[in-house]
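Chain by chain, the residues run as shown.
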Amino acid sequence: MRHAAPKAARTSNTPFAMMRAARPTRLSHAAHRIEGNGAVLGLEPAVAAKLNEIAPQTRRAMREAARAAERRNILLGSASLAALVGTAATTISLTGPERVMPVASEAEFTTTQVQNVKAAASRSDTREALVSNETQQSTNEGTWSLGEGNANLDVKQMSRSLANNENVAKLMDVDGDALPAGFNPNHDTGDTGNAYEYSQCTWWVYVRRHQLGLPAGSYMGNGCQWASSARALGYWVDNTPRHVGDIMVFRAGQEGSDSTYGHVAIVEKINADGSVTTSECGSVMQGKTYSKTYHNVSDFEYIHY
């Protein structure tokens, strides 16, 4: 009986197989963290903590640590929100509409003067005061004053800005409350030049008014018509003589005036007894004037300005 020779072990001649056979088995040397402070392994907590510092964290441990940090943040935020809501609720309950806060008495409203403590001098400490007063006003009582003369405000002076004619403005300041309501000092004067016949009473009144810086119309008509013509233009006309320069109007035939044309004159003086002294002219005077005094002053009309 033939005995076959033992067969040699089968090997592969391929380079890949040789490499697989020669490659050593891979061992795991990964370091792991010690849980539970090393109590299970019988290690001291300090030793376990030191080993954990050396050992790298696994991905699982990192995820768990992140989740734990997130939970801590949520808990802290919830606690803060709860505290804020509690404070707000307490405030609302204390200041609700059913509760009335006490009002401090007048004695509690006091002012305290702040004393200047000069621990360290500032720039303002070395400056001189702009205003030096021995006492300070503590109330709002007093009077308005203008300028250094402590003069009281005269409301009448405000009328000066209303009149373009400076002389009219001065007279308005004197007249004050006697001025008619709605009076316009800048009304139409009707003045286009002296259109009256030489030496007539109307001619003289126009000349004298301009000498005094007061307005007069050029076509006011006959003497007896001047009061109504002046009213139509906006002049102030009444039965009271008020100033030097007022035009005194005579009705036709009044006090010996012409029975058709009447007369006009200029008030030159208001006497202490209330009478007035005038300057007048007429056609027979050849431009010369004369003067009269009248006591029945309220019987005439007067054109002011």
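The preceding data block contains the structure.
Residues numbered from 1 in each chain as written. Predicted model: local features only at pLDDT ≥ 70, side-chain atom pairs only at ≥ 80, totals over all residues. Heavy atoms only, no water.

Novice: I would appreciate a short explanation of the overall build of the chain in the present structure.
Specialist: When helices and strands are counted, the chain shows six helices and eight strands. For the chain, the α and β elements follow one another from N to C terminus as α-α-α-β-β-α-α-α-β-β-β-β-β-β. Sorting the 305 residues of the chain into buried and exposed places 25% on the buried side. Contacts in the chain between residues at least 24 apart in sequence constitute 52% of all its contacts with a sequence separation of at least 6. (Helix = DSSP H or I, 4+ residues; strand = E, 2+ residues; numbered from the N terminus. Buried < 20%, exposed > 50% of the residue type's maximum accessible area, 1.4 Å probe, protein only. Contact = heavy atoms within 4.5 Å.)

Novice: Can you walk me through the packing of aromatic side chains in this structure?
Specialist: Each aromatic ring pair is specified by the distance between its two centres and by the angle formed by the two planes. Within the structure shown, the criterion is met by eight aromatic pairs. Look at Tyr196 and Trp226: their rings are 5.5 Å apart centre to centre, the planes differ by 40 degrees, and that puts the pair in the tilted class. Taken together, the residues Tyr196 in the loop between helix H4 (166-175) and helix H5 (201-211) and Trp226 in helix H6 (residues 226-233) connect sequence positions 30 residues apart. The pair formed by Tyr196 and Trp226 is uniform in burial state, with each residue classed as buried. (Phe/Tyr/Trp six-rings, centres within 6.5 Å; stacked < 30°, edge-to-face > 60°.)

Novice: Please explain H4 as it appears in this structure.
Specialist: In an α-helix there are 3.6 residues to a turn, and that puts residues three or four apart on one side. Along H4, the positions that sit buried rather than exposed are Val168, Ala169, Leu171, Met172, Asp173 and Asp175. Where H4 starts, the residue carrying a side-chain oxygen 2.9 Å from the main-chain nitrogen of Asn167 turns out to be Asn165. One or two steps after H4, the chain reaches Gly176, where phi turns positive at roughly 55 degrees. (Polar contact = N/O pair within 3.5 Å; in protein donor to acceptor, adjacent residues only side chain to side chain.)

Novice: What's the story with the pairing of strand S5 (residues 263-270) in this structure? I'm lost.
Specialist: Successive residues of a regular strand alternate their side chains across the two faces of the sheet. Alignment of strand S4 (residues 247-250) against S5, held across four bridges, turns out to be antiparallel. Paired with Phe250 across the strands is His263, a residue of S5. Two strands pair when backbone bridges link them, and S5 and strand S6 (residues 276-280) are joined in this way by four bridges, in the antiparallel orientation. Bridge pairing links Ile266 to Ser279 in S6. (Pairing = 2+ DSSP bridges.)

Novice: Explain the nonpolar core here, please?
Specialist: Buried together is how nonpolar side chains tend to be arranged in soluble globular proteins. Counting 19 residues, the largest nonpolar core has Trp226, Ile247, Val249, Val264 and Ile303 as the members making the most contacts within it. The set of elements that each furnish at least two residues to this core consists of H5, H6, S4 and S5. At five residues, the largest contribution of residues to this core is made by H5. Apart from the residues within four sequence positions on either side, Val264 is in contact with Cys201, Thr202, Val205, Gly223, Trp226, Ile247, Met248, Val249 and Phe250. (Core = buried A, V, L, I, M, F, W, Y, C linked by side-chain atoms within 4.5 Å.)

Novice: Looking at this structure, I do not really get the side chain of His304. What am I missing?
Specialist: Examined against the element boundaries, His304 turns out to sit in the segment after strand S8 (301-303). Residue His304 is classed as buried on the basis of its relative accessible area of 0%. Not counting chain neighbours up to four residues away, the residues in contact with His304 comprise Arg209, Trp236, Asp238, Thr240, Arg242 and Asp246.

Novice: Please clarify how the environment of Thr192 should be interpreted in this entry.
Specialist: Considering the arrangement of structural elements, one finds Thr192 in the loop between H4 and H5. Among the residues examined, Thr192 registers a relative accessible area of 67% and is labelled exposed. In contact with Thr192, not counting residues within four places along its chain, are Ser218 and Tyr219.

Novice: Even after reading the chapter, I still don't get the layout of surface pockets, so can you show me in this structure?
Specialist: Any empty space left between atoms is shown by rolling a water-sized probe over those atoms. In this structure, the largest pocket occupies an estimated 420 Å³ of space. Gln200, Cys201, Asp258, Tyr261 and Gly262 are, among the 19 residues lining the largest pocket, the residues nearest its centre. Partitioning the lining of the largest pocket into residue classes produces seven nonpolar, ten polar and two charged. (1 Å grid on protein atoms, 1.4 Å probe; cavity = no way out; pocket = protein on both sides within 12 Å on 5 of 7 lines; lining within 4 Å. Points joined across faces, edges and corners; volume = space filled by probe spheres on them. Nonpolar A, V, L, I, M, F, W, Y, C, P; charged D, E, K, R; others polar.)

Novice: Quick question: what am I supposed to make of the pairing of S4 here?
Specialist: Along S4, one buried face is formed by Ile247 and Val249 and the opposite face, lined by Met248 and Phe250, is buried too. Pairing analysis gives three bridges linking S4 to S8, with the strands arranged antiparallel. Residue pairing across strands places Ile247 opposite Ile303, the latter belonging to S8.

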